[in-house]
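Architecture at a glance
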Amino acid sequence: MKILFIVRRYGPVGGMERYVWELTRELHNLGHEVEVSCEVCLAEKPHGIAVHELGTIAPRPRWLSLLRFGQRAARWLDAHPRPGWLIHSHERVNVHHVTTFHGPPFAGVYEKPLWRRLSIRVLMQLYLERRELTKPLYIVPNSQVIGKQLAHYYPQLACKLTAPIVPGVQPGTLRTSRIVPPSGGIIGFVGKEWQRKGLPLAVRIVAHLRKRRPDLELWVIGPQPEEVQPLFAGWRDGYRLLGWSGQSHYAEFDILLHPAISEPYGMVISEAMAARVPVVVSDVCGAAAQIAADAGSILPLDAPCGRWADEIEKQLCRSDAPPQFVRGWNDVAREYETIYRKIFEHDLK
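So, here is what we can say about the structure in this document. (Residues numbered from 1 in each chain as written. Predicted model: local features only at pLDDT ≥ 70, side-chain atom pairs only at ≥ 80, totals over all residues. Heavy atoms only, no water.)

This brings us to the sheet that holds strand β5 (residues 50-53). Spatial ordering of the open sheet is given by β5-β3-β1-β6-β7-β8, a layout of 6 strands whose pairing is parallel. Two strands bound the open sheet, and with one partner strand each, they are β5 and β8 (138-141). Strand-to-strand, the axes of this sheet are offset by a mean angle of 20 degrees, without reference to chain direction. The sheet contact formed by strand β6 (residues 86-89) and strand β7 (residues 98-101) spans 2 bridges and is parallel. Counted as the bridge partner of Ser89 is Thr99 from β7. The strands touched by helix α3 (residues 120-134) within the sheet are β7 and β8, with β7 carrying the most contacts at an inclination of about 130 degrees. (Pairing = 2+ DSSP bridges. Helix = DSSP H or I, 4+ residues; strand = E, 2+ residues; numbered from the N terminus. Axes fitted to C-alpha atoms, helices over the stretch in contact; angles between N-to-C directions. Contact = heavy atoms within 4.5 Å.)

If you want it as structure tokens, here you go:
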């Protein structure tokens with residue numbers, strides 16, 4: 001099969017971008033002809049994959065940047081037609097056969113007061129989102145959460161929705177099986193967008209639990225230390241602010257805490273489970289669907305701190321390691337192959 005991908009930034013530089021990066025390489029390894037059309041490639045171009053850089057576009061305002069990229073991608077295809085190729089987009093374009101949706105629909109703005117919706121920014125974002133979803137033959141959500149939201153806000157397009165294709169995960173260093181000291185333990189929090197991912201709640205939960213486990217520590221990875229230091233006013237010890245070094249600390253955690261307010265998927269959850277680290281997460285996380293009963297706990301976002309603390313205590317007291325979460329990017333590529341074949345058999349003959 002011949003597949004052209006459209007993505008603004010090509011390289012392992014973010015959640016969506018890594019998804020495209022890994023998927024294109026796996027499809028190439030499976031013998032397919034793969035090309036990528038992007039603004040810019042942010043890594044060494046993979047061998048055997050033709051990458052067409054269209055040039056960077058001013059990122060603000062965002063709606064205008066998305067519109068301009070869509071126009072540029074369409075002009076490039078007019079100048080470089082690809083008859084017989086399947087076009088798989090991850091952006092707000094209108095030239096594609098398949099789109100993968102990685103975040104919450106912008107249409108959620110309809111839940112907000114009218115005055116929040118009366119702007120050119122909102123109108124253009126809604127236009128670009130609807131255009132992206134109307135054009136393709138298939139819409140692939142990257143989690144059950146996103147699939148349900150798309151079906152809710154765009155019921156007339158629900159017939160295009162496929163089963164979710166969740167990200168793969170690279171196996172890393174496994175957490176060694178160990179008994180956590182009754183007064184201590186290490187709780188990990190990972191996420192640059194620390195407010196959306198629930199760090200203020202995580203701090204309150206750990207502070208509550210430290211009343212019974214005085215040596216418990218919270219390690220925060222992602223945000224700059226000076227950004228989040230005010231959250232720890234009154235703490236003399238019991239926390240580490242490690243910034244973002246690119247180094248994985250999962251094997252050092254005794255548990256991952258991810259009480260996100262909004263999380264379309266949550267790669268950190270599957271990465272922790274791949275390292276055999278127990279997880280305690282909020283029920284709005286897309287990756288919650290991949291958490292087996294023996295891998296951790298899922299709690300309502302509005303659960304009281306005491307209940308969060310009890311679930312963490314339960315995981316810290318366990319004597320067995322959770323099973324390793326395994327999902328290779330090869331699995332992701334093969335699930336896409338099924339969708340691609342339908343299109344080649346019926347629409348690209």
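For the rest of this paragraph, the subject is unusual backbone geometry. Residues Arg60 and Pro61 are joined by a peptide bond in cis, for which omega reads -10 degrees. Within the secondary structure, Pro61 sits in the loop between β5 and α2 (62-79). Positive phi, normally seen in glycine, also occurs at Arg276, with a value near 65 degrees. On the secondary structure map, Arg276 appears in the loop between α7 (267-274) and β13 (279-282).

Okay, the pairing of strand β10 (residues 217-221) next. For β10, a buried count of 4 out of 5 residues is recorded, marking the element as mostly surrounded by other parts of the structure. Relative to β10, strand β9 (residues 186-190) runs parallel, the two being bridged by 5 bridges. Paired with Phe189 across the two strands is Val220, which belongs to β10. Of the crossover connections in this fold, the one passing from β9 over helix α5 (residues 199-209) to the parallel β10 is right-handed. (Buried < 20%, exposed > 50% of the residue type's maximum accessible area, 1.4 Å probe, protein only. Right-handed = clockwise from strand over helix to strand, strands pointing away.)

This paragraph deals with the sheet that holds β10. Strand order in the open sheet made by the 6 strands is β11-β10-β9-β12-β13-β14, with parallel pairing throughout. For this open sheet the edge positions go to β11 (239-243) and β14 (296-299), each flanked by a neighbour on one side alone. Ignoring strand direction, the axes of neighbouring strands in this sheet form an average angle of 20 degrees. Taken strand by strand, α5 contacts β9, β10 and β12 (255-258), and its axis lies near 175 degrees from that of β9.

This next bit is on the pattern of salt bridges. Tallying each qualifying case throughout the model produces 22 salt bridges. Here the salt bridges share partners, and the residues they tie into one network are Glu193, Arg196, Lys197 and Glu263. (Salt bridge = Lys/Arg side-chain N within 4 Å of Asp/Glu carboxyl O.)

What follows covers the pairing of strand β3 (residues 33-38). With 5 of its 6 residues buried, β3 lies for the most part within the structure. Note that strand β1 (residues 2-6) and β3 share 5 bridges and pair parallel. Within the sheet, the bridge partner assigned to Ile3 lies in β3 and is Val34. Bridging between β3 and β5 involves 4 bridges; their strand directions are parallel. Within β5, the residue paired with Val36 across the bridge is Val51.

This next bit is on helix α8 (residues 305-316). Compared with an ideal rise of 1.5 Å per residue, which puts 12 residues at 16 Å, α8 spans 16 Å between its outermost C-alpha atoms and is within 8% of the ideal. Among the residues of α8, Trp308, Ala309, Glu311, Ile312, Glu313, Gln315 and Leu316 are the ones counted as buried. Of the surrounding secondary structure, the elements contacted by the buried residues of α8 are β9, α5, β12, β13 and β14. (Expected span 1.5 Å × (residues − 1).)

Between α5 and α8, the shortest axis-to-axis distance is 9 Å and the interhelical angle comes to 70 degrees. Taken together, the axes of α5 and α8 are roughly perpendicular relative to one another. Between α5 and α8 lies a crossing of right-handed hand. Contacts between α5 and α8 involve Leu201, Arg204, Ile205, His208 and Leu209 from the first element and Cys305, Gly306, Trp308, Ala309, Ile312, Glu313 and Leu316 from the second. The class makeup of the residues in the contact of α5 with α8 is 8 nonpolar, 2 polar and 2 charged. (Parallel < 35°, antiparallel > 145°, perpendicular 65-115°, else oblique. Left-handed = near helix turned anticlockwise from the far one by under 90°. Nonpolar A, V, L, I, M, F, W, Y, C, P; charged D, E, K, R; others polar.)

Moving on, we get to the side chain of His88. Within the secondary structure, His88 sits in strand β6. Given the relative accessible area of 0%, His88 is considered buried. Polar side-chain contacts of His88 include one of 3.3 Å to the side chain of His90. When neighbours within four sequence positions are excluded, His88 is seen to be in contact with Ile3, Leu4, Phe5, Ile6, Leu23, Val98, Thr99, Thr100, Tyr336 and Tyr340. (Polar contact = N/O pair within 3.5 Å; in protein donor to acceptor, adjacent residues only side chain to side chain.)

Counted according to the given criterion, the structure contains 9 aromatic pairs. When the centroid spacing of 5.0 Å and the interplanar angle of 55 degrees are considered together, the rings of Tyr10 and Trp21 count as tilted. Placement of Tyr10 in strand β2 (residues 9-10) and of Trp21 in helix α1 (residues 15-29) is noted, with a sequence separation of 11 residues between them. Residue Tyr10 is classed as buried on the basis of its relative accessible area of 0%. A cation sits over an aromatic face here: Arg82 above Trp85, 5.9 Å from the ring centre. (Phe/Tyr/Trp six-rings, centres within 6.5 Å; stacked < 30°, edge-to-face > 60°. Lys NZ or Arg CZ within 6 Å of the ring centre and 35° of its normal.)

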